[in-house]
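# Summary of the model geometry
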Amino acid sequence: MFKPLLTGLAVAAGSLALAGSALADYPTRNIQGTIQWGTGGATDNVVRSLTPHVEEVLGRTIVLTNRPGGTGVIGMNHVMRQRPDGYNILFGAENPQLYPLMGLADFTYDDMHTVNIIGQGLVVIAAHPDSPFDTFAELLEHAKENPGTLRMGGTGAGGLPSTIHAMINAVDELDVRTVTFGGDGPGVTALLGEHIDFMPLSLSAVAEQIRGGRLKGLAVLTDEELEELPGVPPITEALPDIESFLPWGPFWGVFVHQDTPDEIKTTLEDAYQEAVASDGFQEFLTNFGGATLNLRGEEAQQYLDNWQSVTAWAMYDAEAETIKVSPEELDIPRP
């Protein structure tokens with residue numbers, strides 16, 4: 001009379017053993033990687049440079065797909081809707097930390113598991129080499145005399161350009177028209193073709209073009225000149241009061257579904273930590289104008305919280321049109 005019960009227990013035990021084996025063997029097939037921005041931009045370049053080092057550690061191929069749109073919402077939402085088995089990874093930038101403030105989505109990176117915060121980028125305001133402006137101070141003066149005439153490249157609400165625009169408007173006034181693109185890459189192409197007048201960009205997206213003379217830097221978002229871009233003035237020369245927001249920069253991270261098994265989360269965290277620290281990727285990141293962070297666990301969460309706090313309140317205080325809700329209503333503390 002106890003045979004069916006014993007049989008059921010045996011089957012259950014066998015299933016658990018198989019599940020444990022599957023976790024131990026992870027990954028057993030290719031992993032799908034979603035990049036929430038378009039090709040050619042900073043996030044895309046960083047991810048595609050890092051991925052071969054991760055594949056070497058994991059022993060599997062990571063198939064990368066760009067899913068731009070909605071300031072990254074489309075790509076992030078796609079990964080959040082997939083099975084939480086570790087075979088769908090999101091590669092993103094800083095934008096999701098502002099989604100609730102802008103009414104774009106009701107989720108942030110807190111609703112996923114952070115595998116690694118790879119690094120942080122430096123910001124440069126770039127223009128075509130034939131631009132009549134050689135510094136941001138000159139551009140700002142022209143914009144004041146001719147409001148609403150200059151064309152600024154953007155990547156949507158909460159993208160890097162809109163955030164920098166909000167910071168500038170918090171301490172001064174920059175009245176320009178925004179032309180929106182699906183990421184850094186298309187924006188840089190438009191800049192090279194003189195379809196826009198300037199664009200705030202991650203240095204990693206345009207470092208080679210500036211060094212090669214195909215673009216020129218008007219200012220870097222720092223309080224001192226960068227060794228990587230000699231001759232490009234810090235933005236504080238044009239806007240001394242913006243120093244209160246510095247240092248600031250975009251970042252790149254790796255994320256998986258929150259319900260992914262802990263063993264798989266740990267496997268991915270170990271792999272990405274090793275890959276980011278590799279000599280090959282470190283050389284790339286340095287040449288690309290980025291700074292290594294390589295954060296996981298609590299350190300990664302602290303970084304995300306601090307970035308959100310500084311940026312959300314800076315944009316709110318600037319009365320940025322993209323901010324729909326007070327950070328206080330979302331329990332985001334002032335920095």
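Above this text you will find the structure in question.
Here we summarise the structure given alongside this text. (Residues numbered from 1 in each chain as written. Predicted model: local features only at pLDDT ≥ 70, side-chain atom pairs only at ≥ 80, totals over all residues. Heavy atoms only, no water.)

### A few points about the packing of aromatic side chains
Quick note on the threshold: Aromatic pairing here means that ring centres of Phe, Tyr or Trp (its six-membered ring) are within 6.5 Å. Orientation follows from the plane angle: under 30 degrees is stacked, over 60 is edge-to-face, and everything else is tilted. Helix and strand assignments follow DSSP, with helices taken as H or I runs no shorter than four residues and strands as E runs no shorter than two, numbered in order from the N terminus. When accessible area is computed with a 1.4 Å probe and restricted to protein chains, residues below 20% of their type maximum are described as buried, those above 50% as exposed, and intermediate ones as partly exposed. Counting as a charge over the ring demands two things of the Lys NZ or Arg CZ atom: a distance within 6 Å of the ring centre and an angle within 35 degrees of the ring normal.
The full count for this structure, using the stated rule, is 10 aromatic pairs. Their ring planes at 35° and their centres at 5.7 Å tell us that F281 and F284 sit as a pair that is tilted. Of this pair, F281 and F284 are both found in helix α10 (residues 279-287), 3 residues apart, which corresponds to roughly one turn of the helix. When its relative accessible area of 0% is taken as the criterion, F281 is described as buried. Within the aromatic cluster, the residues linked to one another by ring pairs are W248, F251, Y303 and W307. Taking NZ or CZ as reference, R29 lies 3.7 Å from the ring centre of Y87, over its face.

### Quick look at the sheet that holds strand β5 (residues 123-127)
Threshold: Between any two strands, pairing holds if DSSP finds at least two bridges. To obtain each axis, a line is fitted to C-alpha atoms, and for helices this fit is confined to the stretch in contact; angles are then taken between N-to-C directions over 0 to 180 degrees. The criterion used for residue contact is that any of the two residues' heavy atoms lie within 4.5 Å.
Taken in spatial order, the 3 strands make up an open sheet running β8-β5-β9, and their pairing is antiparallel. For this open sheet the edge positions go to β8 (199-202) and β9 (216-220), each flanked by a neighbour on one side alone. Averaged over all adjacent pairs, the angle separating strand axes in this sheet is 40°, with direction ignored. Where helix α8 (residues 203-211) meets the sheet, it contacts β5, β8 and β9, and its direction lies at approximately 105° from that of β8.

### Overview of helix α5 (residues 136-145)
For an α-helix, the turn length of 3.6 residues means that residues three or four places apart are oriented alike. Our working rule: In this context, the arc is that of the directions from the helix axis out to the C-beta atoms.
Among the residues of α5, those classed as buried are F136, L139, L140 and A143. For α5, the angular spread of buried residues about the axis comes to 100°, placing them on one side. Looking at the packing, one finds that the buried side of α5 touches β5, α6 (160-171) and β9.

### Remarks on the packing of helix α2 (residues 42-58) against α10
The cut-off we apply is this: Each angle gets one of four labels, with under 35 degrees taken as roughly parallel, over 145 as roughly antiparallel, 65 to 115 as roughly perpendicular, and the rest as oblique. Here is the rule for handedness: rotate from the far helix to the near one, and if that takes an anticlockwise turn smaller than a right angle the crossing is left-handed, while a clockwise turn gives right-handed. Residues are grouped as follows: Ala, Val, Leu, Ile, Met, Phe, Trp, Tyr, Cys and Pro are nonpolar; Asp, Glu, Lys and Arg are charged; all remaining types, including Gly, are polar.
As a packed pair, α2 and α10 sit with axes 9 Å apart at the nearest point and diverge in direction by 165°. Between α2 and α10, the interaxial angle falls into the category roughly antiparallel. The interaxial crossing formed by α2 with α10 has right-handed handedness. Touching N45, V46, S49, L50 and H53 of α2 are G280, F281 and F284, all from α10. Per-class residue counts for the contact of α2 with α10 are 4 nonpolar, 4 polar and no charged.

### As for the pattern of salt bridges
This is how the line gets drawn: Salt bridges, as used here, are contacts in which a Lys or Arg side-chain nitrogen is within 4 Å of a carboxyl oxygen on Asp or Glu.
Under the criterion given, the structure shown has 9 salt bridges. Between E208 and R211 there is a salt bridge; the shortest N-O distance is 2.8 Å. A residue pair is termed a helical-turn pair when its members lie 3 or 4 positions apart in one helix, as E208 and R211 do in helix α8 at 3 residues. E208 sits in the partly exposed class, given a relative accessible area of 45%.

### Side note on the sheet that holds strand β4 (residues 112-121)
With respect to topology, 6 strands assemble into an open sheet ordered β2-β1-β3-β10-β4-β11, the strand pairing being mixed. This sheet does not close on itself; its edge strands, each paired only once, are β2 (62-66) and β11 (290-295). Going from strand to strand, the sheet's axes swing by 20° on average, the running direction of each strand aside. Relative to strand β3 (residues 88-92), strand β1 (residues 31-35) is paired through 4 bridges, and the arrangement is parallel.

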